[in-house]
Amino acid sequence: MEENLLYKIYNKAEARMLNPLQLALVGDAVYEVFIRNYILSKNTELSAHKIHVKAIGYVKAKAQSDIIVSLEKDLTEEEIAIYKRGRNTKSYTVPKNADVRDYRAATGFEALVGYLYLINDKKRLEFVLNKSIEIINNSKEENKEEH
């Protein structure tokens, strides 16, 4: 197994043994850092607060739900299984501003991101993250055109 001083790299069997909410917790952090870096790379003049506000559009449950619905056709069977485990896991809280269905789908999305990160599948993680940006940006463009 590859040695890494920053974090433990799990094999697939080890990662599948983790609770889906643990995967989602890691995936949430990975996705948040990716989005903040993406926003910063587009405009280094933004304040930390403005980066945070822009990031909300990408990381809220509705956005993540939209991402996974669009992505599902491009996922492997293994990835779909991880997503569904995360989606179907009983969560004891739902944010007051999120629809339960969106929140569950978002949890599944985050579990998938966490899983790909922990097994160090950089190629698939990069694909999922880059597609996420594309999906949300396309959605924003469509919403602009409708208004």
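Please read all numbers here as calculations on a predicted model, not as lab measurements. (Residues numbered from 1 in each chain as written. Predicted model: local features only at pLDDT ≥ 70, side-chain atom pairs only at ≥ 80, totals over all residues. Heavy atoms only, no water.)

The next point concerns the overall build of the protein. Scanning the protein from N- to C-terminus turns up 7 helices and 0 strands. Order of helices (α) and strands (β) in the protein, N terminus to C terminus: α-α-α-α-α-α-α. Over its C-alpha atoms the protein spans a radius of gyration of 15 Å, differing by no more than 12% from the 15 Å that the globule rule assigns to 147 residues. Referenced to the eigenvectors of the C-alpha coordinate spread, the extents of the protein come out at roughly 50 × 35 × 30 Å. Counting the 147 residues in the protein, one finds 39% classified as buried. (Helix = DSSP H or I, 4+ residues; strand = E, 2+ residues; numbered from the N terminus. Rg over C-alpha atoms; globule rule 2.2 N^0.38 Å. Buried < 20%, exposed > 50% of the residue type's maximum accessible area, 1.4 Å probe, protein only.)

Another point: the UniProt feature "active site" (unreviewed entry) in the protein. As annotated by UniProt and renumbered to match this structure, "active site" (unreviewed entry) occupies Asp28. Locating Asp28 in the fold gives a position in helix H2 (residues 20-42). (UniProt positions renumbered as here; feature names shortened; annotations may be inferred.)

Now for the nonpolar core. Among the nonpolar cores identified, the biggest contains 36 residues, and Tyr31, Ile35, Ile39, Tyr58 and Phe109 are the most heavily contacted of them. Contributions of two or more residues to this core are made by H2, helix H3 (48-59), helix H4 (61-71), helix H5 (77-88), helix H6 (100-118) and helix H7 (122-146). Element by element, the count of residues in this core is highest for H6, at 8 residues. In this structure, Phe109 is in contact with Tyr31, Gln64, Ile67, Ile68, Leu71, Tyr83, Val128 and Ser132, ignoring residues within four places of it in sequence. (Core = buried A, V, L, I, M, F, W, Y, C linked by side-chain atoms within 4.5 Å. Contact = heavy atoms within 4.5 Å.)

Right, let's talk about the packing of H5 against H6 for a bit. At a minimum axis distance of 7 Å, the contact between H5 and H6 shows a crossing angle of 130°. Judged on the interaxial angle alone, H6 and H5 are oblique. Classified by chirality, the crossing of H6 by H5 is right-handed. Residues Glu78, Glu79, Ile82, Tyr83, Gly86, Arg87 and Asn88 of H5 form the contact with H6, whose own contacting residues are Arg104, Ala105, Thr107, Gly108, Phe109, Ala111, Leu112, Tyr115 and Leu116. (Axes fitted to C-alpha atoms, helices over the stretch in contact; angles between N-to-C directions. Parallel < 35°, antiparallel > 145°, perpendicular 65-115°, else oblique. Left-handed = near helix turned anticlockwise from the far one by under 90°.)

Inspection of the entire model under this criterion finds 8 salt bridges. Salt-bridge contacts for Lys62 lead to Asp66; the nearest nitrogen and oxygen are separated by 2.8 Å. Here Asp66 and Lys62 lie together in helix H4, a separation of 4 residues that amounts to about one turn. Taking the shortest distance from any N to any O, the salt bridge between Lys73 and Asp74 comes out at 3.8 Å. (Salt bridge = Lys/Arg side-chain N within 4 Å of Asp/Glu carboxyl O.)

Both trends apply: most residues other than glycine have a negative phi, and most peptide bonds are in trans. Backbone geometry at Asn120 places phi at a positive 65°, although glycine is not the residue there. With relative accessibility at 18%, the residue Asn120 sits in the buried group.

Let us now look at the packing of H2 against H6. The packing of two helices is summarised by the inter-axis angle and the distance between the axes. H6 packs onto H2 with a crossing angle of 80° between their chain directions and a minimal axis gap of 6 Å. Of the possible angle classes, the one that applies to H2 and H6 is roughly perpendicular. Contacts from Pro20, Leu21, Leu23, Ala24, Val26, Gly27, Asp28, Val30 and Tyr31 in H2 reach Thr107, Phe109, Glu110, Ala111, Val113, Gly114, Tyr115, Tyr117 and Leu118 in H6. The residue inventory of the contact of H2 with H6, partitioned by class, reads 13 nonpolar, 3 polar and 2 charged. (Nonpolar A, V, L, I, M, F, W, Y, C, P; charged D, E, K, R; others polar.)

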